[in-house]
Structures are given as structure tokens and as C-alpha cells.
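The lines below spell out each chain.
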Amino acid sequence: MTPVPALVPRVLSIAGTDPSGGAGTAADTKSITAAGGYAMAVVTCLVAQSTRGVREVHTPPTAFLRAQLDAVGQDVAIDAVKTGMLGTTEIIETVWAWLEELGSQPAQHAARRAQVAGPGGRPPLLVVDPVMVATSGDRLLEPQAEAAMTALCQRATVITPNIAELAVITGQEPATTAEEALDQARAWSQRTGTDVLVKTGHLSGEMATTFWVGPDGVLAQVPTRRLATTSTHGTGCSLSSALAARLAAGQEPAQALAWSCHWLHEAIAHGAELGVGQGHGPVDHSHRSRRLALAADTAPWVPRDAVPPALEHPDELRAVAGVPGLPSPPAAHPDRAVPPQGPWTRALWRSAGPLIAQIQDSGFVRALVEGTLAAPEFDFYLAQDTHYLARYAKALATVSTRAPSAAQTAQWARTAAAVIDDEAELHRTWLAGRELPAESPVCLAYTDFLQATASVEPYAVAAAALLPCPWLYAHIGAGMPHPGPDHPYAAWLSTYHDPVFARMSNQAAALTEQAMAQATPTERSRAARAFLIACRHELEFFEQARRLGDMQAGGAAVGQMQDGGAPA
Ligand SMILES: Nc1ncnc2c1ncn2[C@@H]1O[C@H](COP(=O)(O)OP(=O)(O)O)[C@@H](O)[C@H]1O
Ligand SMILES: Cc1ncc(COP(=O)(O)O)c(N)n1
């Protein structure tokens with residue numbers, strides 16, 4: 001029988017402290033929790049430090065370290081151990097001896113082996129973050145303990161050194177490029193059989209890619225863009241802890257690495273907003289979980305007073321959520337410009353300003369445009385968009401039957417045809433031969449809303465509900481740089497970058513402008529509300545694909561419970 005991995009893996013951090021909460025055991029417990037594990041911590045050294053650096057280190061007797069290890073080890077079945085700051089040779093030897101007694105073995109590709117072992121009472125998988133020197137430059141490992149740390153590394157499932165630590169472990173000069181670091185890691189892994197994460201945070205360049213390297217070379221890599229921030233205190237602690245939790249939950253190395261790197265990237269990107277400390281600030285470990293919690297918010301999307309019950313004049317329409325201002329218009333080529341087509345569409349665009357800014361800033365759109373979006377997330381998005389376009393085209397066809405003139409009927413109908421013939425062609429080619437999954441709840445909610453509005457609401461309301469889709473895509477397309485040939489999503493970017501698409505969007509805006517001008521004040525109010533709700537659906541549509549990856553830390557457990565599995 002194949003043992004079931006623990007639903008919530010029990011992960012022990014053995015590390016030093018950081019009273020400012022950014023690194024060491026504090027970072028580890030936050031990261032293990034964020035990655036869906038149950039976090040435990042054994043303290044090696046007490047460190048008087050903050051974001052500004054280390055002041056003093058107090059090392060309790062190793063007998064007390066051993067007492068902590070025994071207390072937890074004799075009670076709890078540990079699924080993974082992550083080590084961080086170990087400080088001295090004596091500490092490393094104490095941890096080593098304890099691991100021996102626990103039954104851990106030197107690892108040859110142990111990540112993959114450990115995943116098929118049963119939880120509890122088995123050798124835990126071991127992630128060694130060979131912490132030597134802090135970001136601040138302070139030493140966290142005695143120089144004479146480097147040999148013992150190198151030996152401990154050899155018994156790990158995977159080690160997570162930074163560039164300087166990799167050099168010490170492999171006995172070479174610090175690498176100056178990712179290629180050099182990969183060569184060092186591969187050669188060492190061939191010698192020892194232990195896998196190595198190559199982290200490039202301390203190199204320069206546009207990307208800060210993380211690689212998983214085994215004896216045969218790179219097993220997986222996660223490209224992430226380098227962020228211009230000083231909030232990088234504890235990034236190494238956080239990455240190795242999250243990785244230990246994801247591996248112990250049973251994920252393959254490539255998936256565990258992808259989850260950990262993407263989660264950390266979001267945490268680094270939002271670290272500065274915490275306003276913690278005056279030096280190298282911490283990352284925001286719980287940004288992802290707060291974002292997910294917000295997705296369950298039941299507050300109305302359009303506040304009661306955002307749209308007056310009747311609109312006599314465009315200026316009566318205010319920005320939703322009370323955030324004033326328009327995102328700066330994209331520096332688009334005249335062919336790709338997608339300006340409002342009159343006072344009413346200008347008012348609609350202005351009222352949706354904060355939402356449009358949020359859509360452009362959404363992690364999904366940014367990663368898609370950058371080319372760093374994970375392939376499964378793009379596939380999910382495109383499959384849902386295939387359903388969406390089929391249903392959107394029907395809504396366009398419905399509106400065409402309700403237009404007041406033959407010319408307008410023809411224009412809506414031509415747009416419906418273009419959506420099916422041209423826009424959906426990208427989807428057909430990309431997903432060719434693959435089975436289309438069912439519609440997601442978000443896709444259903446949006447398209448049901450569009451089809452219902454197109455069928456039963458007044459013409460102007462229907463037109464306004466259908467407008468955000470082409471307008472927002474054309475707006476995003478107009479602001480994008482031209483995709484290079486090696487961009488993984490060049491085909492998607494080109495579709496929305498195309499002047500033909502901008503013209504289609506401008507036409508829909510012109511039709512809506514006309515409809516609004518001819519509508520009654522009450523209909524205009526309902527049209528504005530429909531426009532804003534459709535914008536909100538657009539944001540949800542992008543973000544749902546991002547949540548796909550997020551949910552793997554908690555969602556997998558829920559799935560197993562529903563299948564009748566009991567927590568291990
Ligand atoms: N400025 C940055 N922008 C984006 N990611 C970063 C940045 N700095 C570090 N990282 C990420 O943080 C992780 C830790 O990297 P690194 O800084 O190299 O190690 P350490 O924190 O152990 O010194 C890596 O996954 C790296 O990609
Ligand atoms: C207890 C402890 N462990 C590890 C680090 C390294 O983290 P960083 O390199 O980000 O300063 C630290 N500063 N303190």
C-alpha cells in the first residue's frame with residue numbers, strides 16, 4: 001500500500017532567533033504555516049538582532065538544545081526537518097546525532113524517496129539552509145564550523161545555500177553568474193548525491209531565478225523577476241522552510257519549488273508595505289493568505305452611493321470605492337490607442353479607474369506580460385477564457401438583435417463573429433488536442449451575468465456590460481511592450497497588441513457611447529453599474545487563475561478529506 005502523505009505536514013525548524021520577526025525561527029514558523037504545514041521550532045542560538053543587523057549572540061549549552069530536540073522528537077512524528085543558523089560545530093554535532101537516532105539516512109535523491117514513505121516514524125526529509133553570514137554581513141556560523149556544516153549538507157534531502165555559502169560548501173570562489181553557480185552545484189551534487197537549490201538573489205540581472213539541481217543537472221527552475229527592494233531580510237530562511245513544508249506535503253520537487261518561489265515573490269514584493277524596521281525589512285509572509293481571505297469578502301462590489309439612481313450628466317458618476325483618479329493612460333501607438341469615445345464612456349472609464357488600476361497591477365496580468373506566469377496557471381486561464389469567449393459571443397449576438405438600427409445590429413454581430421473567428425483562434429491552437437475542463441464558478445458567474453444582461457436589460461445597460469472585456473484587454477495590450485520571440489506567451493500578447501483588436505474595442509465603446517446618450521437617466525445609472533460590475537468580474541477572472549496555484553497548499557488537503565481520507 002502506498003502510504004498517504006500527511007495532510008498537514010509536521011515541520012520542525014532548528015534555527016536561531018530574530019526578535020524582529022524577519023529571519024530565523026520566526027520566519028520559519030510563519031513560512032511553514034503559510035505553506036500549509038504545522039510549524040515547530042527548536043532554538044539553537046538566541047540572537048539580539050533586528051532589520052539593522054546583529055548585536056549579540058547567546059548560545060545556550062548544547063545539553064539544552066538536545067533536551068528541546070528530545071522533547072519534540074519523542075512526542076511528535078516529524079515529517080520534515082529544516083535547519084537554519086546552527087552557529088557552532090558542537091551544535092551541528094548535536095543535531096547530527098539526534099537525526100541519526102531519529103533514523104534519518106544520507107540522501108541519494110531522497111526528496112523523491114521521502115515522498116513515498118509513510119508519515120510518522122519514518123526518517124523525516126531534511127532541508128539544510130547552511131546559514132553562514134547574515135544579509136547585514138554579521139557571521140552566524142563560526143568559521144571553524146564550516147567543515148561540519150558541509151558534512152551535514154551531505155546528508156540532506158536538499159540544501160539551499162546562497163551564492164557565498166555555495167562557494168564555501170564546494171570549496172570554490174563565489175560564482176559571478178548563474179551558470180557558474182549551476183556548475184558548482186552540479187559537480188558537488190554528483191560527488192555527494194544530495195540535491196542543491198541554486199539561489200541567485202545575490203547576483204545581478206533582471207531575473208532572480210531559483211534552480212533545483214541534482215547530479216544530472218537542473219531538475220527544475222522557477223524564473224522570477226528581481227524586485228527593487230531592500231525587504232529581503234530572511235528570504236533564505238523563508239524559502240527553505242516553505243519548501244520543506246511543500247515537500248513534506250507530498251509535492252514533487254518542481255511543484256514544491258514553484259509554489260515556494262511564487263509565494264515568496266509576493267511576500268518580497270509587499271514586504272516594504274509592512275513598515276517594519278529601518279534597515280533590511282522583512283518579507284510579508286502572510287500577504288498571500290490575506291489576499292485569499294479578501295477573495296471571500298462578501299461586501300458589495302459597487303457601493304450603494306457610487307452610482308446615483310439617475311444620471312443626468314456624466315460628472316455625476318464617481319469613482320468606485322472612492323479612490324479618485326485615472327490610471328495614467330498607456331503610451332500607446334496611435335493605432336493601438338483606446339480612448340473613450342465621448343463624455344459617457346469617459347465617465348465610465350473614470351468611475352472604474354481604481355478597478356482598472358487593480359486589474360493592470362494584478363499579479364496574474366503582471367506575470368503574464370512579464371512571461372513569468374507558471375504554465376498550469378496560463379493553461380487554466382486560457383481554458384476558462386475559451387468557455388468565456390463562446391458565451392461572450394452569444395451575448396454579443398443577443399445585443400445585436402436589440403440594437404435600435406441596422407448599422408448597430410451589424411456592428412455588434414461583426415464583433416461576435418470576430419470573437420469566434422479571430423480571438424478564439426489563439427485558444428484553439430494553444431489548447432489543441434487537450435480536453436477542455438468544465439467552466440469555473442468565476443467564469444459561470446461572469447458569463448451568466450453577461451447573457452442575462454444582454455437578454456433582459458435595456459439596450460444601453462447590455463452594451464455597457466459587454467464593453468469592459470474588449471476595452472480592458474485593448475488597454476492592457478496598448479500598454480505592453482512588443483513581445484520578444486522567446487516570450488512564452490507571445491501569441492497571447494500579440495492578439496491583444498494587434499491594432500485590429502484596438503479598433504474592435506473602439507467600436508464597442510462608440511456603440512456604448514451612442515446607447516448611453518440615447519438612454520434615460522435611470523437606464524444610464526443601471527448601465528454604469530453594469531459596466532462596473534463587469535470590470536469587477538474581469539478582475540476576478542484573472543485572479544482566479546492565480547488562486548489555482550495558491551490553493552495547492554490548503555486545497556489539496558480539503559480534496560483528500562472530501563474523498564474520505566482521514567488526516568494522518
Ligand atoms: N531582490 C529580489 N527580488 C526577487 N527575488 C529575490 C530578491 N532577493 C532574493 N530573492 C529571492 O529570495 C530567495 C533567497 O535568495 P538569496 O537572496 O539568494 O538567498 P539568501 O536569502 O539565503 O541570502 C531566492 O528565491 C531569490 O530568488
Ligand atoms: C537567526 C537567523 N537566521 C538566519 C539569518 C539569515 O537571514 P538573512 O540572511 O536574511 O539576514 C538571520 N539573520 N538570523
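Everything numeric in this text was worked out from a predicted model, so none of it was measured. (Residues numbered from 1 in each chain as written. Chains lettered and ligands numbered in written order. Predicted model: local features only at pLDDT ≥ 70, side-chain atom pairs only at ≥ 80, totals over all residues. Heavy atoms only, no water.)

Caption draft 1: Structural view of the pairing of strand 6 (residues 125-128). Of the two faces of strand 6, the one carrying Leu 125 and Val 127 and the one carrying Leu 126 and Val 128 are both buried. Inspection of the sheet shows strand 5 (residues 80-83) paired to strand 6 by four bridges, in the parallel sense. Looking across to strand 6, one finds that Lys 82 is bridged to Val 127. Bridging between strand 6 and strand 7 (residues 158-159) involves two bridges; their strand directions are parallel. Considered in strand 7, the bridge of Val 127 is made with Val 158. In this view, the connection linking strand 6 to its parallel neighbour strand 7 by way of helix 5 (residues 146-154) has right-handed handedness. (Buried < 20%, exposed > 50% of the residue type's maximum accessible area, 1.4 Å probe, protein only. Helix = DSSP H or I, 4+ residues; strand = E, 2+ residues; numbered from the N terminus. Pairing = 2+ DSSP bridges. Right-handed = clockwise from strand over helix to strand, strands pointing away.)

Caption draft 2: Representation of the UniProt feature "domain: Pyridoxamine kinase/Phosphomethylpyrimidine kinase" (unreviewed entry) in the protein within the structure. Under the UniProt annotation, "domain: Pyridoxamine kinase/Phosphomethylpyrimidine kinase" (unreviewed entry) lies at residues 18-103 and 126-284. Helix makes up 43% of residues 18-103 and strand 24%, whereas the separation of the span's terminal C-alpha atoms amounts to 30 Å. The span residues 126-284 carries 40% helix and 13% strand; its end-to-end C-alpha distance comes to 25 Å. (UniProt positions renumbered as here; feature names shortened; annotations may be inferred.)

Caption draft 3: Inspection of the site of ligand 1 at higher detail. In the vicinity of ligand 1 lie 15 residues, with Lys 199, His 202, Leu 227, Thr 235 and Gly 236 positioned nearest. Taking Lys 199, its side chain carries an N or O atom lying 2.7 Å from an oxygen atom of ligand 1. With respect to ligand 1, the backbone of Gly 236 contributes an N or O atom lying 2.9 Å from an oxygen atom. Considered on its own, ligand 1 offers 550 Å² of accessible surface; in the complex 91% of this is hidden by protein. For the shell around ligand 1, the elements supplying multiple residues, two or more each, are helix 8 (235-248) and helix 9 (253-269). Counting residues per element, the shell around ligand 1 draws most heavily on helix 8, which supplies three residues. A class-by-class count of the residues in the shell around ligand 1 yields five nonpolar, seven polar and three charged. (Near = heavy atom within 4 Å. Polar contact = N/O pair within 3.5 Å; in protein donor to acceptor, adjacent residues only side chain to side chain. Areas by Shrake-Rupley, 256 points an atom, 1.4 Å probe, with all protein chains shown as cover. Nonpolar A, V, L, I, M, F, W, Y, C, P; charged D, E, K, R; others polar.)

Caption draft 4: The site of ligand 2, seen in detail. Taken together, 14 residues form the shell around ligand 2, and within it Thr 17, Gln 49, Thr 135, His 233 and Gly 234 come nearest. The side chain of Gln 49 places a nitrogen or oxygen atom 2.8 Å from a nitrogen atom of ligand 2. For ligand 2, an oxygen atom lies 3.3 Å from a polar atom in the side chain of His 233. Protein coverage of the free-state accessible area of ligand 2, which is 360 Å², stands at 92%.

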